[in-house]
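Fold and geometry: a report
Below are the chains, spelled out letter by letter.
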Amino acid sequence: MHSNVGTFICELSALQLGPEMGYWVVLCLSVLYLSLSSVIVDGDDEHPIPTTLEGPFNPVTVPLDQSFRGNAVDLPDTDPLLQRTVKGFQPEQISLSLSASHHSVWISWITGEFQIGDNIEPLDPKTVSSIVQYGRFGRPMNHRATGYSLVYSQLYPFEGLHNYTSGIIHHVRLTGLRPNTLYQYECGDPSLSAMSDVHYFRTMPVSGPKSYPNRIAVVGDLGLTYNTTSTVNHMTSNHPDLILLVGDVSYANLYLTNGTGADCYSCAFPNTPIHETYQPRWDYWGRYMQPLISCVPIMVIEGNHEIEAQAENHTFVAYSSRFAFPSEESGSSSTFYYSFNAGGIHFIMLGSYISYNKSGDQYKWLERDLASVDREETPWLVATWHAPWYSTYKAHYREAECMRVEMEDLLYKYGVDIVFNGHVHAYERSNRVYNYILDPCGPVYITVGDGGNREKMAITHADEPGQCPEPSTTPDDFMGGFCAFNFTSGPAAGNFCWDRQPDYSAFRESSFGHGILEMKNATHALWIWHRNQDFYGSAGDEIFIVRQPQNCPPFKPGWWRRISEARRGVSSTVTCVVRNVCVFPREPMATRKNVPVITTGRTGREHPSVPDST
């Protein structure tokens, strides 16, 4: 049985087709999947897929396609896909997320109806149980797990604004699961005859250097527009085993509490006493996404559109309530940052909108988490947060510079391979970079904030004539701080922006879409970006991201002591030629390229030197 059969079954159960029609849909989907596999993975002899080993690449900007602007208009409240189709306390908005490892997943859903208005009375979570009955596919669902439930409210202390209270949100963790195994489940409260239909999911493979999910979809800034539906349809056609949503989910905060929306909140509603939201958009988003995310796990990190301030300075309440996060399982005390394994990949999800200072809880947690990663078991290290560090678009240019200043050294030291971001509504892939300098041991940064939301597409680049933003306007309004100063070296020395596409930017294009990540083995990963306007199997950008652990070995505990000893001349294993140039005999030098080895004293990390980009 193919590992993606759960996705096929998931789609069919959502469609509720008859036997004859169901047969034809399975056949069509199977043929489509097989054809996609050949198009997406193999490439061809005339157009071989490039690898990062061939880089750094000359910067490429794809000209704006004026003929395709998409339809960044929100689906209306009346759209059938957004309607409540269950009765009483039957589950809706069912979703699946991963725990920290393969043997555990979270099932989430909502029962009861939300309320919005002046006189709302929250539902009592104790009136409905949180139960999941499950078992391996083809066997009785004789396992049962119970969880917890909650209700949240969005309250405004201003006359005329409508308050909101959610339905009952349930989160249940299933444990003791087998790796890479198809399960079936139903959720709800059997005592009330309020159980869901049967849904299906496949667990992640066991962690190991030869064990990976087939395909991981990466998308950001999704929203709920007609463009969103195109993105989700394209993403579903690629049959992912896991979805990463890198922030900005429902865009409920582009609305007033009376349901009036706008593409630009501050432009349309400059005088509201507080930034309002229309929380039912969250419920619409959950209903629309259920056919996919009730079967394919989705891992979410917060974006700026999840801030949603309300009474008593509460923020991020909907985000923290509606999704289940493996925070506790990964040693985190927050829904803003956590980690998990998916086969031989260790994912780190970081918060752009909570303290990232070295003295803060997030940084300390990140340090502990990175130190605990076994790169023999999970060779790939992938990090995700919302606001990008290496975007060259004018929108949000260098907005997250303070986060970069605080955290980049740590991620570099431990050898993060790939970073995914959103926030900027366009696509961009970097060359390997560290501290704005081309570095073969730096991560590849990929911005995929092009999911299709109603704020429209980012088009203008900061390096275009007259488009470099005033530095004082760049810090994030919510986090504050100012860390983005003029460059001190390289082609942009003395300036805040480059006067051409920066060397660290390998490829950029303003189009809506999503990406697919396929780990082929412990050193090679295929990244493909798909544009919405293209045929389902087409690739807008594709590259093999190649790890070089022999040239870029990740930091290991104890190296700081060895560096210190070397500098004092008392180490027998580490030689420091000068203060910041050290040699570590971790592998035969014959396995490395004949290039100088440079190690900064700050990171204790060796890498081949890079020619001066000037």
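Residues numbered from 1 in each chain as written. Predicted model: local features only at pLDDT ≥ 70, side-chain atom pairs only at ≥ 80, totals over all residues. Heavy atoms only, no water.

Attention shifts here to the overall build of the protein. When helices and strands are tallied, the protein shows 9 helices and 32 strands. By the burial criterion, 59% of the 614 residues in the protein qualify as buried. Sequence-distant contacts in the protein: of pairs separated by 6 or more residues, those separated by 24 or more amount to 70%. Within the structure as shown, the protein displays about 24300 Å² of accessible surface, and the carbon and sulfur contribution to it stands at 53%. (Helix = DSSP H or I, 4+ residues; strand = E, 2+ residues; numbered from the N terminus. Buried < 20%, exposed > 50% of the residue type's maximum accessible area, 1.4 Å probe, protein only. Contact = heavy atoms within 4.5 Å. Areas by Shrake-Rupley, 256 points an atom, 1.4 Å probe, with all protein chains shown as cover.)

Here we come to the packing of helix α3 (residues 226-237) against helix α5 (residues 280-293). At their nearest, the axes of α3 and α5 sit 11 Å apart, and the two run at 10° to each other. When the axes of α3 and α5 are compared, the pair comes out roughly parallel. The segment α3 lies against α5, with T228, T229, V232, N233, M235 and T236 engaging Y288, M289 and L292. (Axes fitted to C-alpha atoms, helices over the stretch in contact; angles between N-to-C directions. Parallel < 35°, antiparallel > 145°, perpendicular 65-115°, else oblique.)

Attention now goes to the sheet that holds strand β28 (residues 541-546). With respect to topology, 6 strands assemble into an open sheet ordered β16-β15-β14-β26-β27-β28, the strand pairing being mixed. Two strands in the sheet have a free side with no partner beyond their single neighbour: β16 (298-300) and β28. Pairwise comparison of adjacent strand axes, ignoring direction, gives a mean angle of 20° for this sheet. Strand direction decides the pairing type here: strand β26 (residues 513-519) and strand β27 (residues 524-531), joined by 7 bridges, are antiparallel. Looking across to β27, one finds that H514 is bridged to H530. The strands touched by α3 within the sheet are β14 (216-219), β15 (242-245), β26 and β27, with β26 carrying the most contacts at an inclination of about 20°. (Pairing = 2+ DSSP bridges.)

Per-residue confidence for the protein gives a mean pLDDT of 86, with 82% of residues at or over 70. When the criterion is pLDDT under 50, residues 1-42 qualifies, and its contacts beyond four places in sequence or with other chains add up to 68 contacts. Here residues 571-614 scores under 50 on pLDDT; set against residues more than four positions off or in separate chains, the count is 106 contacts. (pLDDT = per-residue confidence, 0-100.)

Let us now look at the environment of D248. One can find D248 in the loop between β15 and α4 (265-268). Excluding residues that lie within four positions of it along the chain, D248 makes contacts with D221, L222, G223, G303, N304, H305, E306, H386 and H423. Within the local environment of D248, its side chain forms a polar contact with the side chain of Y251, the two groups lying 3.3 Å apart. At a separation of 3.1 Å, a polar atom in the side chain of D248 contacts the side chain of H386. (Polar contact = N/O pair within 3.5 Å; in protein donor to acceptor, adjacent residues only side chain to side chain.)

Along β27, 7 of the 8 residues are buried, which leaves the element largely enclosed by surrounding structure. What sits between the antiparallel neighbours β26 and β27 is a turn of 4 residues.

Moving on: the side chain of D189. Residue position: D189 is located in strand β11 (residues 182-189). Despite being buried, D189 has no salt bridge partner; R144 is the closest side chain of opposite charge, sitting 7.2 Å away. The contact partners of D189, leaving out residues within four places of it in the chain, are T127, V128, S129, A194 and M195. (Lys, Arg positive; Asp, Glu negative; His and termini not counted. Salt bridge = Lys/Arg side-chain N within 4 Å of Asp/Glu carboxyl O.)

Here we come to the packing of aromatic side chains. Overall, the coordinates contain 35 aromatic pairs when judged by the stated rule. Measuring from ring centre to ring centre gives 6.2 Å for Y255 and Y278, while their planes differ by 35°; the resulting arrangement is tilted. With Y255 in the loop between β15 and α4 and Y278 in the loop between α4 and α5, this pair connects stretches of sequence that are 23 residues apart. By relative accessible area, which is 12% here, Y278 ends up buried. When the centroid spacing of 5.0 Å and the interplanar angle of 20° are considered together, the rings of F340 and F347 count as stacked. Both residues of the pair, F340 and F347, count as buried. Members of the aromatic cluster, joined through ring pairs, are W282, W285, F316, Y319, F323, F325, F336, Y338, F340, F347, Y353 and F478. Taking NZ or CZ as reference, R398 lies 4.5 Å from the ring centre of F487, over its face. (Phe/Tyr/Trp six-rings, centres within 6.5 Å; stacked < 30°, edge-to-face > 60°. Lys NZ or Arg CZ within 6 Å of the ring centre and 35° of its normal.)

Here we take up the packing of helix α7 (residues 361-372) against helix α8 (residues 401-413). The N-to-C vectors of α7 and α8 enclose an angle of 5°; their axes lie 11 Å apart at closest approach. Taken together, α7 and α8 sit at an angle that is classed as roughly parallel. Contacts between α7 and α8 involve Q362, Y363, L366, E367 and L370 from the former and E406, M407, L410 and L411 from the latter. For the contact of α7 with α8, the residue count by class is 6 nonpolar, 1 polar and 2 charged. (Nonpolar A, V, L, I, M, F, W, Y, C, P; charged D, E, K, R; others polar.)

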